[in-house]
Amino acid sequence: MIIALAVALVSTAACKSAYEVILEGNDVDLKYATAFDNYNIGKYSKAARMFESLSPLVRGSEREDTVQYYWALSNYKYKDYYTAETNFNSFISTFPLSPFTESASFYRIDCMFRTTLRYELDQTPTRKTVAAISEYLTDYPENPYMDDCNRMLDNLGDRLDKKAFENARLYYKMEDYKAATVALKNVLKDNSDNRYREDILYTLAMASYKYADLSYTEKQKERFLLFVDDYLNFVGEYPESDYRRELDSHYRRAQRFLGRNTSILDASVEAEEEE
């Protein structure tokens, strides 16, 4: 029985790869070299496992921050961004003065960026990432990752702007035009520089028009007047917009309903059509 068990153990050991033997061993120098060998040839999953196994063995030594950093970086390059973010967070808090800390701080926010959600979903991670990037830029104003940070901020800003616009436009799609006008105005109140401003103002004018058009006769006058204001705001900002033709048509109808002269506008539209 004992002989059979010994033979089984020897057979099992013989089946193990050199990597697995090193991984399970306690030779720090060999594990360290093996971890970097795997990292340098792009075997990031194996490198991450080896660096992880090294972590408790180098605690308190000069190699500790290097092992912790490359453990995180291996997970990052393996595209395990959730684990990598956790690694980088731990690294930053443990080694605030390490020469790797600036890079770790950038890779942390890059992990956060890569795990944010498309605009239709919850944007809490997006807001957290924007805040983290802003903090990083404050802490490291001369960092080498400025272009990457600006690219991320632009992408995230577009996502938040689109989310705000689409949430408000949902009322318009539901044909709740009164609620749509309130929601769209609130979007611009919260952020007048929303990059979908033209679409917001167009949808606002359309919602105002449809709200007036579908109202009881006794309410139409005051509501068409509100549409006229929204129309004029739109054309004042976007006189060359592709939305002009549609809105001009609604404006002429509103003016006729209000008993106003539309001949000047009609003439300008006719001239455009002739061109």
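What counts as what
Residues numbered from 1 in each chain as written. Predicted model: local features only at pLDDT ≥ 70, side-chain atom pairs only at ≥ 80, totals over all residues. Heavy atoms only, no water. Helix = DSSP H or I, 4+ residues; strand = E, 2+ residues; numbered from the N terminus. Buried < 20%, exposed > 50% of the residue type's maximum accessible area, 1.4 Å probe, protein only. Areas by Shrake-Rupley, 256 points an atom, 1.4 Å probe, with all protein chains shown as cover. Phe/Tyr/Trp six-rings, centres within 6.5 Å; stacked < 30°, edge-to-face > 60°. Lys NZ or Arg CZ within 6 Å of the ring centre and 35° of its normal. Axes fitted to C-alpha atoms, helices over the stretch in contact; angles between N-to-C directions. Left-handed = near helix turned anticlockwise from the far one by under 90°. Contact = heavy atoms within 4.5 Å. Nonpolar A, V, L, I, M, F, W, Y, C, P; charged D, E, K, R; others polar. Polar contact = N/O pair within 3.5 Å; in protein donor to acceptor, adjacent residues only side chain to side chain.

A. The arrangement of the overall build of the protein chain in detail. Looking only at helices and strands, the protein chain has 14 helices and zero strands in total. Secondary structure of the protein chain in N-to-C order comes out as α-α-α-α-α-α-α-α-α-α-α-α-α-α. Relative to its full complement of 275 residues, the protein chain shows a buried share of 42%. Within the structure as shown, the protein chain displays about 16200 Å² of accessible surface, and the carbon and sulfur contribution to it stands at 51%.

B. Region of interest: the packing of aromatic side chains. Taken as a whole and assessed by the stated rule, the structure comprises 30 aromatic pairs. Where F36 meets F51, the ring centres are 5.1 Å apart and the plane angle is 85 degrees; that geometry is what we call edge-to-face. Residue F36 is located in helix α3 (residues 28–40), and its partner F51 is located in helix α4 (residues 44–54); the two are separated by 15 residues in the primary sequence. For F51, a relative accessible area of 0% gives the class buried. Sitting above the plane of the Y32 ring, R63 keeps its charged end 4.2 Å from the centroid. Above the ring of Y119, the side-chain terminus of K162 is found at 5.1 Å from the ring centroid.

C. Local environment of the packing of helix α11 (residues 197–213) against helix α13 (residues 244–257). The N-to-C vectors of α11 and α13 enclose an angle of 30 degrees; their axes lie 11 Å apart at closest approach. In the crossing of α11 with α13, the sense of the turn from one axis to the other is left-handed. Residues Y202, A205, M206, Y209 and D213 of α11 lie in contact with α13, whose contacting residues are E246, L247, H250 and R253. Residue composition of the contact of α11 with α13, by class: five nonpolar, one polar and three charged.

D. Up close: the environment of Q68. Within the element layout of this structure, Q68 appears in helix α5 (residues 64–77). Of the residues examined, Q68 reaches a relative accessible area of 16% and is grouped as buried. Taking the C-alpha atoms as reference, Q68 lies 6.5 Å from F91; in sequence the two are 23 residues apart. Those residues in contact with Q68 that lie beyond four places of it in its chain are S55, F91 and F95.

E. Spatial organisation of unusual backbone geometry. Phi is positive for K79, close to 70 degrees, though the residue is something other than glycine. Within the fold, K79 resides in the loop between α5 and α6 (81–94). Residue class for K79 comes out exposed when judged on its relative accessible area of 61%. For E175, which is not glycine, the phi dihedral falls at a positive 65 degrees. One can find E175 in the loop between α9 (146–173) and α10 (177–190).

F. Local environment of the side chain of Q123. With respect to the helices, strands and loops of the structure, Q123 is situated in the loop between α7 (101–114) and α8 (124–139). Within the structure, Q123 has its side chain in polar contact with the backbone oxygen of R118 (distance 3.0 Å). Within the structure, the side chain of Q123 is placed 2.6 Å from the side chain of T126, a separation counted as a polar contact. Setting aside chain neighbours within four positions, we find Q123 in contact with L117, R118, R159, L160 and K163.

G. Inspection of the side chain of D161 at higher detail. Its location among the elements puts D161 in helix α9. Using a relative accessible area of 9% as the deciding quantity, one classes D161 as buried. At 3.0 Å, the side chain of D161 and the backbone nitrogen of R195 are in polar contact. Not counting chain neighbours up to four residues away, the residues in contact with D161 comprise N191, D193, N194, R195 and Y196.

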